[in-house]
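What the coordinates show
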Amino acid sequence: MWYNNILETIGNTPLVKLNKVTKPLKGTILAKIETTNPGNSIKDRMALKMIEDAEQAGLLKPGGTIIEGTSGNTGMGLAMAAVVKGYRCIFTTTDKQSKEKIDALRAFGAEVIVCPTNVDPEDPRSYYSVSSRLEKEVPNAWKANQYDNLSNTQAHYEQTGPEIWEQTEGKITHLVVGVGTGGTISGTAKYLREKNPNIKVWGIDTYGSIFKKYKETGIFDKNEIYPYITEGIGEDFLPQNVNFDLIDLFEKVTDKDAALMTRELARKEGIFAGNSAGAAVAGLLQLGAELKDEDVVVVIFHDHGSRYMGKMYNEDWLRERGFLKDEKLTAKSILKKRANQDIITVDVKQSVLETFNVMKSLNISQIPLTQQGMVVGKVTEADILNALLDNPSLKSAEVETIASKPFPFVDLNMSIDKISTLIDKDTQAVLVEDELGRINIITQYDIINAISEV
C-alpha cells in the first residue's frame, strides 16, 4: 500500500502512556503524539482542512497565494499542502519564535516576514496586522486566519476527537490541551462531549495570557497581558475558535515550569516534543489532586522538539534565564572549585624578554596583555618562540609587537561544554569577570581539573 501524496498521511497519530513524569498522579495518563504527522505537528490537520474548505468556497483559486500569521506550525502545514497543491505562501511571524521554526517554513519555499512580539494585535507592525495588509495588497490572495477560521475547530471535531474516542475505547475522562488558537481543544472537546457529556476539559494557559481570567470572570483584562517565553499557547486577544463553554477551567503554567518539563519528557519518557507539551504536562501536575485511580487522561502533544533546539533544549539558553539549576559545571563553578588566583598580566609596553621571564618564573604558558588596565591581547610561549626564531633581536622589542588576539570573555553562567568549544591550539584559555568585577582566567588545565573532581 502507498499514499498518493504526503497529505494523505496526516492523522491517525499514536496514543502513548506516560510513566515517569506523571508518577505522582492517579489514573492513566496518555499522550496524543501529534509529532508523527508529516509536518511534525497537530496543525497539519487544520491547515489542510482550512485550505480544502477555502477551495470549495471559491476563496482560494488555482495559483493563488496563501497568507497567514503563524508561530510556525500552522505555517508548516499550510506550506506543505501548498507545495502539493501548487500555491505560493507568505507568512508573518513574531521575533519570539524559534529560528528552527522560521527556517523550516523557508525550507518549503515560503516567504517569512518577522514582526515584533511586544506590540498590540491592532498595531500595524503586529504579525496579525501585517498579514491582513498583505491579503489586501497581494493579487489572488487568501488569508487562512487560523484564529477565527472555524475550519480549524472543525478539523479536530472530524479527526482528533474521533481518534481519541476510539483509541481509549470511550474510556477517556479528561482532555488536557494547551490553548492558543483554540481549535484543537474546542473541536476535540465538542466531539468527545457529544459522546460523553461528563468528560472534563482542561485548558492550559500561560502567564501573560488572558484566557484564564476571561474564563473565570468574563473580563478581558489588558493588565493580564505581558511578554512571555512559552510558545504555542496563550493569547492577548480572544480567537473565535476558543469555545469557552466547552472548557471547564484554565490552568496557568510559568515559562520555567513549561521549559523544564519539555526537557523532562525527552529525558524521562523518550518523547521529543515541543514547548506546549511541557506546559500541558506541568499544568496537569498542578491539577493532579483532582484525579482518581480510574481516570483516563489524554494530553495533546502538539509538535516536535526539533523546533526548540535553540531554546528549551539548549542548556545555556535555559541557564541564562535562570531556569536551570547549576547541575552542570559552569565558569562560575570552575572558579569556585579552585583556590582564588590573582590573574597575572603584563603591560603591552614591556619587552618580549621581560614577558618571557615573568611566564618562566610563574611556570605559565600564556599571559594576557593589558593597556591602561584593559585586556587588549595575549602572548603565548609559541608566540615568543616563533618570533625569536624569525628575529632574535625582537627580545628587546615591546611585547605588543608579537601579541595575538585576546582570550575570549565568557559569561559566568556559560557551561563547561560551551567553554570547551572556545579552547583550541590558538586559544588556550578564556577570561571571565566574577561577581566582584575581577577578571579571572580559565585554562584547559582548570577545565580538566574541574571535570576530574565531579
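So, here is what we can say about the structure in this document.

Parameters at a glance
Residues numbered from 1 in each chain as written. Predicted model: local features only at pLDDT ≥ 70, side-chain atom pairs only at ≥ 80, totals over all residues. Heavy atoms only, no water. Helix = DSSP H or I, 4+ residues; strand = E, 2+ residues; numbered from the N terminus. Contact = heavy atoms within 4.5 Å. Pairing = 2+ DSSP bridges. Axes fitted to C-alpha atoms, helices over the stretch in contact; angles between N-to-C directions. Buried < 20%, exposed > 50% of the residue type's maximum accessible area, 1.4 Å probe, protein only. Parallel < 35°, antiparallel > 145°, perpendicular 65-115°, else oblique. Nonpolar A, V, L, I, M, F, W, Y, C, P; charged D, E, K, R; others polar.

On the secondary structure map, serine 129 appears in helix H4 (residues 127-137). When neighbours within four sequence positions are excluded, serine 129 is seen to be in contact with Pro121, Glu122, Asp123 and Pro124.

Let us look at the sheet that holds strand E10 (residues 296-301). Judged by pairing direction, the sheet is mixed, and its six strands sit side by side in the order E1-E2-E10-E7-E8-E9 without closing on themselves. At either margin of the open sheet sits one strand with a lone partner, and together these are strand E1 (15-17) and strand E9 (249-253). With direction set aside, neighbouring strand axes in the sheet form an average angle of 25 degrees. Here E1 runs beside strand E2 (residues 28-33); their pairing, made up of three bridges, is antiparallel. The residue bridging valine 16 from the neighbouring strand is alanine 31, located in E2.

Our focus in this paragraph is the environment of glutamate 169. Tracing the sequence through the fold places glutamate 169 in the loop between helix H5 (151-167) and strand E7 (174-178). When its relative accessible area of 63% is taken as the criterion, glutamate 169 is described as exposed.

Here we come to the sheet that holds strand E13 (residues 374-380). Strand order across the open sheet formed by three strands is E11-E12-E13, with mixed pairing between neighbours. Strands with a single pairing partner mark the edges of an open sheet, and in this sheet they are strand E11 (346-347) and E13. Sheet analysis places strand E12 (residues 366-371) next to E13, joined by six bridges and oriented antiparallel. Across the sheet, proline 368 pairs through a bridge with lysine 378, a residue of E13. Packed on one face of the sheet, helix H12 (residues 352-362) meets E11, E12 and E13 and runs near 135 degrees to E12.

Before going further, it helps to spend a moment on the packing of helix H8 (residues 255-269) against helix H9 (residues 275-287). Taken N-terminus to C-terminus, the directions of H8 and H9 make an angle of 105 degrees; their axes are 7 Å apart at the nearest point. If you check the angle between H8 and H9, you find them roughly perpendicular. For the pair formed by H8 and H9, the contact residues are Asp257, Ala258, Ala259, Met261, Thr262 and Leu265 on the first element and Asn275, Ala277, Gly278, Ala279, Val281, Ala282, Leu285 and Gln286 on the second. Here the residues of the contact of H8 with H9 are counted per class, giving nine nonpolar, four polar and one charged.

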